[in-house]
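The lines below spell out each chain.
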Amino acid sequence: MPGLPSVTVVGTLTADVELRYTSSGVAVASFTIAANDRKYDQASKSWKDGDATFLRCTLWRQAAENAAESLIRGTRVIATGALKQRSFETREGEKRTVLELDVDELGPSVKWATVKVQKADREGGTSPKASSEASQDDPWGSDAPPF
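Residues numbered from 1 in each chain as written. Predicted model: local features only at pLDDT ≥ 70, side-chain atom pairs only at ≥ 80, totals over all residues. Heavy atoms only, no water.

For the protein, an unreviewed UniProt entry supplies the name Single-stranded DNA-binding protein and the organism Lentzea atacamensis. Within the UniProt record for the protein, the comment given under Subunit (unreviewed entry) is "Homotetramer." (UniProt positions renumbered as here; feature names shortened; annotations may be inferred.)

Below you can see the structure in the form of structure tokens.
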């Protein structure tokens, strides 16, 4: 999408990923990422958290289903996507403007955690090959890359 700024956000999921489907059956996931600035205070010799930024995010199709199955509240994530501004009016007639992230890529951060990757098959769910005993050591199995 030319013209829309692409950003990367690192933060924590504030709740479990919410999965729903459009009337035409397309999966859409909604979630909020909380990101804050953390700095070391020399005077107190301790870390201080800055103000948190809460960014509402949307993820579509198979990635939405994968995120809902894989990520839970408190997971530290890395999200990349298009930053969008949306204006609306509340029931009380107040005008509001929010920034939202239309996510292209989403994954867990491995800075303070470990993850096991399990390849999803093209129809959704996990690949039978990835679920077998032999492929648990290599979650990508022996399938050739899609490129």
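There's plenty left to go through after this.
Draft legend 1. Geometry of the packing of aromatic side chains. Taken as a whole, this structure holds 1 aromatic pair when the rule is applied. Ring geometry for Tyr40 versus Trp47: centroids 5.4 Å apart, planes at 70 degrees, classification edge-to-face. (Phe/Tyr/Trp six-rings, centres within 6.5 Å; stacked < 30°, edge-to-face > 60°.)

Draft legend 2. Just the pairing of strand β6 (residues 95–108), in detail. Note: strand β4 (residues 46–60) against β6, 3 bridges, orientation parallel. From the neighbouring strand, Arg56 faces β6, where its bridge partner is Glu100. Here strand β5 (residues 76–89) pairs with β6 via 13 bridges, running antiparallel. Each bridged residue has a counterpart across the sheet, and for Leu83 the counterpart in β6 is Leu101. (Pairing = 2+ DSSP bridges. Helix = DSSP H or I, 4+ residues; strand = E, 2+ residues; numbered from the N terminus.)

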